[in-house]
Amino acid sequence: MIKYKDTRWMYLVIPYNASTGPLSTLVTLQILSLGGNAIDVAYAISLSNAALIPASIIWGFMADKMDRKKQILLSLAGVSIPLIVMPFMNSISLVTLNYALITFMSTASATPFNLLVMESAEKKHWGSLFSRFSLFSSIGVLLGLVVSTFLVILLRIDQIEEILGFSVLATLIASVKILPKPIITFERTAIIHHKESFLTRMRHLPMMFLHLPNIHHFKMFSVTRLFRKPINYIPLLYLGIVLFYISSGIFNTVYPAGLYVKGLNKSEVLAVISVGMIFQILGFRISSTLLENKDEKGLAYTSLILRGASYVLLGIFTQLFLGIPILISGLIFYPLAAGIAYAIFYSSSTTLIFKIVGERRQGTGLGVYSTVVGISLFVGSLLSGYITHYISYGIDFIVAGIILLIAAWIFRYLEEG
């Protein structure tokens, strides 16, 4: 029997995401406070992105074999302990390793939470329940950013992280009582048979290895296929998404650091990121309506133009100004890029991937997708440190924007093809 009305456990994702949502920004500021530079930040984010690949494989397969509740509890424990001991991490290397561990352990809860949604409702109610789950997750991230914005005025970064760790620990204790024991076992493949469940799963973690890909699965990227219609549709779609994630890695890795270096205080940095999150929530609300009435490829193209242009403008402001102009441009263009444009592109591109894996070999398709996303994020985050360190933050943001404009051209080509 499926208990559709017993969904109190979903409220747990609010404090959990409030504790993990601001971490990338806090870790960036912590590394800078310890005397680090853009390369140090890039190494930390790159290692975190690299940890996602084995984590998504390991925890994905564990979700097929392990009790959902036990895996979520293990994830919460694995996140809370490293956060609580953050004040003892007195070097950049220790902070970097600890952050990678937090990323690895937080990944463990992604699949079981999504499967738990499916186990809490009949299939016809999955859409509304997944929408509610996503809303709670977004509220949690926003809440964490807002609280951190004020706490950073009074406390050190590592003290804030310690508080967040105790928040996760409190969530763990509450989860022991509130989380339901699974009644029905779902395989992960069930997620990709329902659009809303697939979109929500990929939003929380853009990796899902049903089967590990091998070298033959990547033959779609051969040069001969890229220039031959109509068989070039899939490789070009993947290529456009690869460019998007490389650009995201280049920009997102050092943007908070760029704000700080260019004259904003820690509270103002977190405020800019918080406003971006508010617009991201609004963007996902808008995108769900747009997808019902517009073509996904056209929406992806438009969102890439908006995001790319915003990145370029942020780069120009960063290159030329300090202080207040950086804050104003961040409050205008970052919400457009990381909020509205990101939400629309993410929803439209993931829907296109959903259509592909729904029609073809699903394990292979998702394995290839997860691999290229993971590699793209890793490459982008690693490049960002060197571009910023040896050239400038402004050029880094402009490069990220130009890459997005190239991706937009690819999606425009797809639309015409």
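See the structure printed just above.
Since the model is a prediction, treat every value here as computed from it, not as a measurement.

Cut-offs and rules
Residue numbers run consecutively from 1 along every chain, following the written order of its sequence. Local features in a predicted model are, by the rule used here, given only for residues with pLDDT of at least 70; side-chain atom pairs are given and counted only at 80 or more, and totals for whole chains, interfaces and linings are based on all residues. Only hydrogens and water are removed before side-chain values are computed, so all heavy atoms of the structure are retained for them. Secondary structure elements are defined from DSSP: runs of H or I of at least 4 residues count as helices, runs of E of at least 2 residues count as strands, and each element is numbered from the N terminus. Any two residues whose heavy atoms approach within 4.5 Å at even a single point are treated as in contact. Residue-level accessible areas treat just the shown protein chains as cover; the underlying method is Shrake-Rupley with a 1.4 Å probe. In what follows, salt bridge is the name for a side-chain nitrogen of Lys or Arg lying within 4 Å of a carboxyl oxygen of Asp or Glu. Partly exposed describes any residue whose relative accessible area lies between the buried limit of under 20% and the exposed limit of over 50%, with all areas from a 1.4 Å probe on protein chains only and scaled to the type maximum. Each residue after the first adds 1.5 Å to the expected span of a helix. Polar contact is defined as a pair of N or O atoms within 3.5 Å, subject to the rule that within protein one atom must be able to donate a hydrogen and the other to accept it, and that residues adjacent in sequence are counted only when both atoms are side-chain atoms. Buried Ala, Val, Leu, Ile, Met, Phe, Trp, Tyr and Cys residues that are joined via side-chain atoms within 4.5 Å together make up what is termed a nonpolar core. Orientation is described by lines fitted to C-alpha atoms, with helices fitted over the stretch in contact, and by angles between N-to-C directions that extend from 0 to 180 degrees. For classification purposes, an angle smaller than 35 degrees is called roughly parallel, one larger than 145 roughly antiparallel, one from 65 to 115 roughly perpendicular, and anything else oblique. Handedness of a crossing is defined here by the sense of rotation of the near helix relative to the far one, left-handed for an anticlockwise turn of less than a right angle and right-handed for a clockwise turn. Basically, the charged four are Asp, Glu, Lys and Arg, the nonpolar ten are Ala, Val, Leu, Ile, Met, Phe, Trp, Tyr, Cys and Pro, and anything else, Gly included, counts as polar. We call Phe, Tyr and Trp rings a pair once their centres come within 6.5 Å, taking the six-membered ring for Trp, and we label the pair stacked below 30 degrees between planes, edge-to-face above 60, and tilted otherwise. Comment: the charge-over-ring label is applied if NZ (Lys) or CZ (Arg) is within 6 Å of the ring centre and within 35 degrees of the ring normal. Residues enter patches when they are more than 30% accessible in relative terms and free of salt bridges; like-charged ones are connected within 9 Å and nonpolar ones (Val, Leu, Ile, Met, Phe, Trp, Tyr) within 5 Å. Here the bend at each residue means the angle between axes fitted to two seven-residue stretches, the one ending at that residue and the one beginning there. Only four residue types enter the charge count: Lys and Arg as positive, Asp and Glu as negative, with His and the chain ends excluded.

Draft legend 1. Expanded view of the overall build of the protein chain. Regarding its fold elements, the protein chain presents 16 helices and zero strands. A sequence separation of at least 24 residues applies to 86% of the contacts in the protein chain between residues at least 6 apart. Summed over its atoms, the accessible surface of the protein chain is roughly 16800 Å², and 68% of this surface lies on carbon and sulfur atoms.

Draft legend 2. The pattern of salt bridges, seen in detail. If you walk through the whole model with that rule in mind, you get two salt bridges. For Arg156, the salt bridge is made with Asp158, and the minimal N-O distance between the two is 3.1 Å. Asp158 gets classed as buried once you look at its relative accessible area, which sits at 13%. A salt bridge links Asp295 to Lys297, with the nearest nitrogen and oxygen atoms 3.7 Å apart. For Asp295, a relative accessible area of 34% corresponds to the partly exposed category.

Draft legend 3. Structural context of the environment of Met10. Considering the arrangement of structural elements, one finds Met10 in the segment before helix 1 (13–20). Relative accessible area serves as the criterion here: at 0%, Met10 is assigned to the buried category. Setting aside residues up to four positions removed in sequence, Met10 forms contacts with Leu129, Arg132, Phe133 and Phe136.

Draft legend 4. Main features of helix 13 (residues 296–320). If you check helix 13, its first and last C-alpha atoms are 36 Å apart, about what 25 residues at 1.5 Å a residue would give, namely 36 Å. The N-cap residue of helix 13 is Asp295: its side-chain oxygen and the backbone nitrogen of Lys297 are 3.3 Å apart.

Draft legend 5. Broad picture of the side chain of Ser75. Along the chain, Ser75 falls in helix 4 (residues 68–84). Classification of Ser75 by relative accessible area gives buried; the value is 0%. Not counting the four nearest positions on each side in its chain, Ser75 is found in contact with Tyr16, Met105, Ser106, Ala108 and Ser109.

Draft legend 6. Spotlight on the nonpolar core. Counting 112 residues, the largest nonpolar core has Trp9, Tyr255 and Phe411 as its most contacted members. Beyond its immediate sequence surroundings of up to four residues, Phe411 is in contact with Leu237, Gly240, Ile241, Lys297, Ala300, Tyr301, Leu304, Phe345 and Leu352.

Draft legend 7. Structural view of the packing of helix 3 (residues 38–65) against helix 5 (residues 92–106). The N-to-C vectors of helix 3 and helix 5 enclose an angle of 30°; their axes lie 8 Å apart at closest approach. Relative to helix 5, the element helix 3 lies roughly parallel. As helix 3 packs across helix 5, the resulting crossing turns out to be right-handed. Of the residues in helix 5, those in contact with Asp40, Tyr43, Ala44, Ile45, Leu47, Ser48, Ala51, Leu52, Pro54, Ala55, Ile58 and Trp59 of helix 3 are Ile92, Thr96, Leu97, Tyr99, Ala100, Thr103, Phe104 and Met105. Broken down by class, the residue content of the contact of helix 3 with helix 5 amounts to 16 nonpolar, three polar and one charged.

Draft legend 8. The arrangement of the environment of Ser106 in detail. Tracing the backbone shows Ser106 in helix 5. Here the alpha-carbon distance between Ser106 and Trp59, two residues 47 residues apart in the chain, equals 9.9 Å. With sequence-adjacent residues up to four places away left out, Ser106 is seen in contact with Tyr16, Ser75 and Val79.

Draft legend 9. A look at the packing of aromatic side chains. Summed over all chains, the structure comprises 24 aromatic pairs. A centroid spacing of 5.5 Å and a plane angle of 40° characterise the contact between Phe317 and Phe321, whose relative ring orientation is tilted. Among the aromatic residues, those joined into a cluster by ring pairs are Phe244, Tyr245, Phe284, Tyr342, Phe345, Tyr346 and Phe411. The ring of Tyr301 is capped by Arg412, whose NZ or CZ atom sits 5.3 Å from the centre of that ring.

Draft legend 10. Here's a closer look at a nonpolar patch on the surface. Among the surface-exposed residues, Val146, Phe150, Ile153, Leu154, Leu155 and Ile163 lie close enough to one another that they form a single nonpolar patch of about 590 Å² accessible area. If you tally residues by element for the nonpolar patch, the top one is helix 7 (residues 126–154), at four residues. Residue Leu155 is classed as partly exposed on the basis of its relative accessible area, which comes to 30%.

Draft legend 11. Spatial organisation of helix 3. Taking 1.5 Å per residue, 28 residues should reach 40 Å; helix 3 reaches 41 Å between its end C-alpha atoms and fits that length. Of all bends in helix 3, the biggest is about 30°, found at Ala55. Of the residues that open helix 3, the one with a side-chain oxygen 3.1 Å from the backbone nitrogen of Ile39 is Asn37.

Draft legend 12. The arrangement of the packing of helix 2 (residues 23–33) against helix 5 in detail. At their nearest, the axes of helix 2 and helix 5 sit 10 Å apart, and the two run at 170° to each other. Classified by the angle between their axes, helix 2 and helix 5 sit roughly antiparallel to one another. Of helix 5, the residues touching helix 2 (which contributes Leu23, Ser24, Val27, Gln30 and Ile31) are Ile92, Val95, Thr96, Tyr99 and Ile102. Class assignment for the residues of the contact of helix 2 with helix 5 results in seven nonpolar, three polar and no charged.

Draft legend 13. Structural detail: the side chain of Lys69. Mapped onto the secondary structure, Lys69 falls in helix 4. Despite its burial, Lys69 remains without a salt bridge, the nearest opposite charge being carried by Asp67 at 7.4 Å.

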